[in-house]
Amino acid sequence: MISLENKVVLITGASSGFGEDAAWFFSAEGCKLVLAARRIDRLQTLVSRIQDEGGEAIAIPMDITNADDIENMVQSAVALYDRIDILFNNAGIGRVDWFENHTPERDIDLLIRVNLIGLMQVTRSVLPQMLEQGNGHIINMASVAGLISPPLIASYSASKFGVRAFTDALRREVAPLGIKVSGIYPGPASTEFGEHIGRSEAYGSIRSRIRMRMSSEYVARRVVDVAKRPRRSLVIPWWFRIVTIFDMLFPVVVDWITYIFSKFKHKLE
Ligand code: NDP
């Protein structure tokens, strides 16, 4: 098990949800934190609370779709701490609706730019520093939607499949250079995510049916576990792995099940 004491951890999307909770757990391990997101007021409150508890953290305003913001975030982290040991690529947005209702600007273009291109750009900016150090750990937040493609989240699922492909390819590139790359694949969890995904009739009616949601703290704790005991991927809860294997082995059966779901849902709306 790796000690995280004094490790420098850069977290994107640290203003709420998994990112915010992971900041607390990394801080409890003795890490120095660089916390980035757009809502700087939320980040500053988090930083003050972490400092009150004896931790070390800074807040950096960053819109992941802005290349200058990304560069500024990485340069600020390196200028202050001279290194980045762990990058938790976590910022993300979603959309739950029939694909014909997805807007080209927000639900396709912006979503892909935040979830996939932003994550890749941040990684591209951090990588030279890790290569110079000869070590580092990149932890990418994907989703079970990066392993299976259910109806109603076509754009989101496409972005997270992209994250998985990028994560696996990068791991295979940089492993010989001392850099670890992990993918996190959670199922539904209780965060502010649902408030940021754009309301839709389709979302409203399935939200109440998703009963088994993990807590944000649980997911964040597992992310910190991955930093302590690096592994290629983590699917949570574990039984989603069985669902993804079933999907891989019997795609026609899954098509049939989702056909019934979609037909029934179209009828209800
Ligand atoms: P939250 O909405 O609570 O957190 C999302 C974070 O992303 C916020 O800190 C937000 O900060 C940041 N963010 C969004 N857009 C941008 C942007 N343009 N630039 C910089 N930061 C941005 O949701 P979660 O904690 O649930 O989501 C975190 C990750 O987990 C996402 O990648 C999501 O896809 C993934 N995930 C979530 C699941 C869930 O059920 N909740 C399940 C599986 C994966 P700000 O608005 O301040 O910029």
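Our structure is the block above this text.
Residues numbered from 1 in each chain as written. Predicted model: local features only at pLDDT ≥ 70, side-chain atom pairs only at ≥ 80, totals over all residues. Heavy atoms only, no water.

1. Re the sheet that holds strand 4 (residues 86–89)
Applied cut-off: Whether two strands pair comes down to DSSP finding at least two bridges between them. Here a strand is any run of E in DSSP of at least two residues, a helix any run of H or I of at least four, and the numbering for each starts at the N terminus. Each axis is a line fitted through C-alpha atoms, and for a helix only the stretch in contact is used; angles between axes span 0 to 180 degrees, taken between their N-to-C directions. Any pair of residues with heavy atoms lying within 4.5 Å of one another is described as a contacting pair.
What the seven strands build is an open sheet, ordered 3-2-1-4-5-6-9; its pairing is parallel. Bordering the open sheet on either side are strand 3 (56–61) and strand 9 (233–236), each of which pairs with just one other strand. Put simply, the sheet's adjacent strands are angled 15° from each other on average, direction ignored. Against the sheet, helix 1 (residues 17–28) engages strand 1 (8–12), strand 2 (32–37), strand 4, strand 5 (136–141) and strand 6 (179–186), with an angle of about 170° to strand 1.

2. Quick look at the environment of G162
Position of G162 among the secondary structure elements: in helix 5 (residues 154–174). In this structure, the C-alpha to C-alpha distance between G162 and I112, residues 50 residues apart in sequence, is 9.1 Å.

3. Comments concerning the packing of helix 1 against helix 7 (residues 216–228)
Our working definition: Small angles under 35 degrees read as roughly parallel and large ones over 145 as roughly antiparallel, with 65 to 115 read as roughly perpendicular and the rest as oblique. Note: crossing handedness is left-handed where the near helix turns anticlockwise from the far helix by less than a right angle, and right-handed where it turns clockwise. Under the convention adopted here, Pro, Cys and the residues Ala, Val, Leu, Ile, Met, Phe, Trp and Tyr are nonpolar, Asp, Glu, Lys and Arg are charged, and Gly plus all remaining residues are polar.
Packing of helix 1 against helix 7 brings their axes to within 8 Å, and their N-to-C directions diverge by 55°. Considering their axes alone, helix 1 and helix 7 lie oblique with respect to each other. Here the hand of the crossing between helix 1 and helix 7 comes out right-handed. Residues G17, F18, D21, A22, F25 and F26 of helix 1 lie in contact with helix 7, whose contacting residues are S216, E217, V219, A220, R221, V223, V224 and A227. Taken together, the residues of the contact of helix 1 with helix 7 break down into nine nonpolar, two polar and three charged.

4. Some thoughts on the packing of aromatic side chains
What counts, and what does not: Between the rings of Phe, Tyr and Trp (Trp by its six-membered ring), a pair exists once the centres lie within 6.5 Å; its type follows the angle of the planes, with under 30 degrees stacked, over 60 edge-to-face, and the other angles tilted. Throughout this description, buried means an accessible area under 20% of the type-specific maximum (1.4 Å probe, protein chains only), exposed means over 50%, and partly exposed covers the range between. Should the NZ of a Lys or the CZ of an Arg lie within 6 Å of a ring centre and within 35 degrees of the ring normal, that charge is described as sitting over the ring.
Throughout the structure, instances matching the rule amount to three aromatic pairs. Ring centres 4.6 Å apart and planes at 20° place the aromatic pair W239 and F240 in the stacked group. Under the relative-accessibility criterion, W239 is labelled partly exposed at 31%. Take F240: its relative accessible area is 13%, and that puts it in the buried class. Judged by centre distance (5.0 Å) and plane angle (50°), the rings of F246 and F250 are tilted. Exposure remark for F246: the relative accessible area of 35% places this residue in the partly exposed category. When the ring centre of F161 is taken as origin, the NZ or CZ atom of R164, which lies over that ring, is 5.1 Å away.

5. What to know about the side chain of H137
Mapped onto the elements, H137 comes out in strand 5. Taking relative accessible area as the criterion, H137 reaches 5% and is therefore assigned buried. Once residues within four sequence positions are removed from consideration, H137 is found in contact with D85, I86, L87, M130, K180, V181, S182, V226, A227 and P230.

6. Let's talk about the pairing of strand 3
Successive side chains on a regular strand alternate, one facing one side of the sheet and the next facing the other. Which entries qualify depends on this criterion: Crossover handedness is defined by viewing with both strands directed away from the observer: a clockwise path from the first strand over the helix to the second marks the crossover as right-handed.
Where strand 2 lies against strand 3, six bridges are found, and the strand directions are parallel. Among the inter-strand pairings, L33 is bridged to a residue of strand 3, identified as A57. Handedness of the crossover is the feature at issue here: the chain leaves strand 2, passes through helix 2 (residues 40–52), returns alongside strand 3, and the resulting connection is right-handed.

7. Structural notes on the pattern of salt bridges
What counts here: Here, a salt bridge means any Lys or Arg side-chain nitrogen found within 4 Å of an Asp or Glu carboxyl oxygen.
Tallying each qualifying case throughout the model produces twelve salt bridges. In this structure, the salt-bridge partner of K228 is E29, at a minimum N-O distance of 3.1 Å. With K228 in helix 7 and E29 in the loop between helix 1 and strand 2, the pair connects residues that are 199 residues apart, well separated along the chain. On the basis of relative accessible area, E29 is assigned to the partly exposed category, the value being 26%. With its nearest N and O atoms 3.2 Å apart, the salt bridge here joins D97 to R95. In terms of burial, D97 and R95 fall into one category: buried.

8. Comments concerning the site of the ligand
So the rule is basically this: Definition of nearness: a residue and a molecule or strand are near each other if at least one heavy atom of the residue lies within 4 Å of the molecule or strand. Polar contacts, as used here, are pairs of N or O atoms within 3.5 Å; protein pairs need one atom able to donate a hydrogen and one able to accept it. Residues neighboring in sequence count only if both atoms are side-chain atoms. Per-residue and other accessible areas were derived by the Shrake-Rupley procedure at a 1.4 Å probe size, with only the shown protein chains allowed to occlude residues.
Taken together, 30 residues lie near the ligand, and S15, S16, R38, Y156 and T191 sit nearest. Within the side chain of K160, an N or O atom sits 3.0 Å from an oxygen atom of the ligand. In isolation the ligand offers 880 Å² of accessible surface; the protein chains occlude 96% of this area. Breaking the shell around the ligand down by element, the ones donating at least two residues are helix 1 and helix 5. Residues of the shell around the ligand, tallied by class, amount to 15 nonpolar, ten polar and five charged.

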